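# Results of the structural survey
These are the residues of each chain, in order.
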Amino acid sequence: MNTIEFLKGSISRRTALKSLGAAAATLATPNILRADTADTIKIGFVSPMTGPLAPFGEADSYTLDKMRALLAGGIENKGKKYNIEIISLDAQSNPNKAAEIAGNLILNEEVKLIIPASTTDINNPVADQAELYGCPSISTAAPWQAFVMPRGGAEKPFEWNYHFFWGLEDALATFVGLWKSVETNKKVGMLFPRNADGETWGNNDYGLPPTVQKEGFTTVIPSMFQPRTNDFSAQIAEYKAQECDIIGGITYPSDLKTFITQCSQQNYKPKVVTVAAALLFPSGIAAMGPLGEGMSTEVWWTPAFTFNSSLTGQTSADIAGEWESSQNRQWVQPLGYAHALWEVVIDTLKRAEDPRDRAAIRDAAKATNLNTLVGPIKFGDGPHPNICKTPIFGGQWVKGAKYPYDLKIVDNAVSKLIAPEQKLSLLNWS
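The structure presented is a predicted model; accordingly, all values stated were derived computationally and were not measured. (Residues numbered from 1 in each chain as written. Predicted model: local features only at pLDDT ≥ 70, side-chain atom pairs only at ≥ 80, totals over all residues. Heavy atoms only, no water.)

### Things to note about the overall build of the chain
A tally of regular secondary structure across the chain gives 15 helices and 16 strands. Burial analysis of the chain (430 residues in total) assigns 59% to the buried set. Here the analysis covers contacts within the chain between residues at least 6 apart in sequence; of these, 71% occur between residues at least 24 apart. (Helix = DSSP H or I, 4+ residues; strand = E, 2+ residues; numbered from the N terminus. Buried < 20%, exposed > 50% of the residue type's maximum accessible area, 1.4 Å probe, protein only. Contact = heavy atoms within 4.5 Å.)

### So, the pattern of salt bridges
Evaluated as defined, the whole model comprises 15 salt bridges. In this structure, the salt-bridge partner of Lys42 is Glu109, at a minimum N-O distance of 3.6 Å. With Lys42 in strand E1 (residues 40-47) and Glu109 in the loop between helix H4 (95-107) and strand E4 (113-116), the pair connects residues that are 67 residues apart, well separated along the chain. On the basis of relative accessibility, which here comes to 7%, the residue Glu109 falls in the buried class. Across the salt bridge formed by Arg351 and Asp347, the nearest N and O atoms sit 2.8 Å from each other. Residue Arg351 and its partner Asp347 are located together in helix H14 (residues 334-351), separated by four residues, close to a single helical turn. (Salt bridge = Lys/Arg side-chain N within 4 Å of Asp/Glu carboxyl O.)

### Describing the side chain of Thr120
Within the secondary structure layout, Thr120 lies in helix H5 (residues 120-133). Apart from the residues within four sequence positions on either side, Thr120 is in contact with Pro125, Ala142, Ala146, Ala196 and Asp197.

### A short note on the packing of aromatic side chains
Tallied over the entire structure, the rule returns 21 aromatic pairs. Geometrically, the ring pair formed by Phe165 and Trp300 is edge-to-face, given 4.8 Å between the ring centres and 90° between the ring planes. Separated by 135 residues along the polypeptide, Phe165 in the loop between strand E6 (161-164) and helix H7 (168-180) and Trp300 in the loop between strand E11 (296-299) and helix H13 (316-327) bring together distant segments of the chain. Here Phe165 matches Trp300 in class, with each residue buried. Ring geometry for Tyr239 against Phe259: centres 6.1 Å apart, planes inclined by 85°, an arrangement best described as edge-to-face. (Phe/Tyr/Trp six-rings, centres within 6.5 Å; stacked < 30°, edge-to-face > 60°.)

### Things to note about the confidence of the model for the chain
On average, residues of the chain carry a pLDDT of 89, and 91% of them reach 70 or more. In the predicted structure, residues 1-36 sits below a pLDDT of 50 and forms 62 contacts with residues beyond four places in sequence or in another chain. (pLDDT = per-residue confidence, 0-100.)

### A closer look at the pairing of E6
On a regular strand, one side chain projects to one face of the sheet and the next to the other, so that they alternate. A two-sided burial pattern is seen for E6, the buried positions comprising Asn161 and His163 on one face and Tyr162 and Phe164 on the other. Taken together, the four bridges between strand E5 (residues 137-140) and E6 define a ladder with parallel strand orientation. For Ser139, the partnering residue across the bridge sits in E6 and is His163. Sheet topology places E6 next to strand E14 (residues 387-388); two bridges connect them, and they run parallel. Across the sheet, residue His163 finds its bridge partner in E14, namely Ile387. (Pairing = 2+ DSSP bridges.)

### Some words on H14
Taking 1.5 Å of rise per residue, the 18 residues of H14 would be expected to cover 26 Å, and the 26 Å separating its terminal C-alpha atoms lies within 8% of that figure. Among the 18 residues that make up H14, 16 are buried, leaving the element largely enclosed by the rest of the structure. (Expected span 1.5 Å × (residues − 1).)

### Digging into unusual backbone geometry
Positive phi outside glycine occurs at Glu110, with the angle close to 55°. As for its placement among the helices and strands, Glu110 is situated in the loop between H4 and E4. Assessed through its relative accessible area of 45%, Glu110 is described here as partly exposed. The phi dihedral of Ala141 is positive, around 70°, even though this residue is not glycine. The residue Ala141 is located in the loop between E5 and helix H6 (144-148) in this model. Ala141 sits in the buried class, given a relative accessible area of 14%.

### Points about the environment of Tyr162
With respect to the element layout, Tyr162 can be found in strand E6. Apart from the residues lying within four places of it in its own chain, the contact partners of Tyr162 are Ser137, Ile138, Ser139, Arg362, Ala365, Lys366, Phe379, Pro385 and Asn386.

### Some points on the packing of H4 against H5
Packing of H4 against H5 leaves a shortest axis separation of 8 Å and a crossing angle of 35°. When the axes of H4 and H5 are compared, the crossing they make is right-handed. Facing Pro95, Ala98, Ala99, Ala102, Gly103, Ile106 and Leu107 of H4, the residues of H5 in contact are Asp121, Ile122, Pro125, Val126, Gln129, Ala130 and Tyr133. Classifying every residue of the contact of H4 with H5 gives 11 nonpolar, two polar and one charged. (Axes fitted to C-alpha atoms, helices over the stretch in contact; angles between N-to-C directions. Left-handed = near helix turned anticlockwise from the far one by under 90°. Nonpolar A, V, L, I, M, F, W, Y, C, P; charged D, E, K, R; others polar.)

### Things to note about the side chain of Thr174
Inspection of the secondary structure assignment puts Thr174 in helix H7. In contact with Thr174, other than residues within four places in its own chain, are Ile392, Phe393, Gly394, Asp411 and Val414.

### What to know about the nonpolar core
Membership of the largest hydrophobic core comes to 122 residues, with the highest contact counts inside it found for Ile114, Phe164, Trp179, Trp201, Phe259, Trp301 and Trp342. Sort the elements by how many residues they give to this core and H14 lands first, with 10 residues. Core analysis: the second largest hydrophobic core is formed by six residues, Trp144, Phe147, Val148 and Phe158 among them. (Core = buried A, V, L, I, M, F, W, Y, C linked by side-chain atoms within 4.5 Å.)

### Observations concerning helix H11 (residues 253-265)
In an α-helix, one full turn covers 3.6 residues, which means residues spaced three or four apart are oriented alike. In this model, H11 (13 residues) spans 18 Å end to end at C-alpha, consistent with the 18 Å of a helix rising 1.5 Å per residue. Every buried residue of H11 is accounted for by Pro253, Asp255, Leu256, Phe259, Ile260, Gln262 and Cys263. Residues of H11 that are buried in the fold lie against helix H3 (54-70), strand E7 (187-191), helix H10 (233-241), strand E9 (246-251) and strand E10 (272-277).

### Focus: the packing of H3 against H14
Contact pair H3 / H14: the axes reach a minimum separation of 9 Å and the direction vectors enclose 40°. Here H3 lies oblique to H14, going by the angle between them. Between H3 and H14 the crossing geometry is right-handed. Where H3 approaches H14, its residues Ala59, Asp60, Tyr62, Thr63, Leu64 and Met67 are matched on the opposing element by Pro334, Leu335, Ala338, His339, Trp342 and Ile346. Its residues assigned to classes, the contact of H3 with H14 shows nine nonpolar, two polar and one charged. (Parallel < 35°, antiparallel > 145°, perpendicular 65-115°, else oblique.)

Following this line, the structure appears as structure tokens:
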């Protein structure tokens, strides 16, 4: 059962969340040294460290180690030093597990701030618990509509949740910009999973279908697929029957690999494949072999970004280079946001009237006005009171020099921060 189906079940959302929070009391607490004193600020950190969403948490764990080292001496607020205790737990790529963990951290560990890290399926259930039990949360790495709309935030703004990322409208404009730059029959096969992301991207009011239709494209929308399925035959058959030159949507890496492999096996050869989320990682592209070359996606962050870290003063190129040196592998897009998330968190704690009071931390988060590695973060001026939008570009994976594939920026219709490095090329699945 996905997050949306769970929240729309026979019991009320509030009752369900309270049940999860109560169940969390039975969870084992992490094996770490406790230091719950008046000078210690506890922070909860929930990330998909294992399971199919683990690639999105890869940069979380790496950055968390860096932050623990950086915060070893604590932080200063109004002339007073505070120790920082970070309790990090694995959501196992499971929304219900994420909610249980969050409830435990808030109710039993009494964290003063909780950070849901990476993807809608982790962000939303954790943020729901934070909102229900009055604990500030700061998050990123999911389009703001996927964070706000399924949770009723459009009708009633959140009190405790703050989120920064680009919007679905920006990603959709990027997709359309990519597709308009090449010659196709303008038939787009839509590929959506049956989860919160799929329901947001596939929404007939504000999702991908109405956006591309307004730009003169024809949409072919088969049934949504169940995440981690092993059979895309029904979707591929419909794309072939309708002669779709373009595939667009959102998937995770393992699902895209299965889909692309079966496209090849069933002799379906689209000219363009533009998919959000799954194409963020060079490892995902490499896993698809030659079929991965030429695929296109949204670009969150690259080493070419011109902003500096408010914590370390490093450039994006510095952060990427440090990752590659220590991890012995290519930089990944979520790395910039994993770092920026902690910039916002630490800045918030340093400004809070009382950094051990949840309401004071919430108020400080709301007043954030900070230049970070991914750009300026300021809540209140965005499309929603709890949201700050950040830049996005269109990119394509091409053969690389240092690594097998490089991600090149090929569209800057939404943000002019970086000029395109080349034009979009059609896939060549000969």
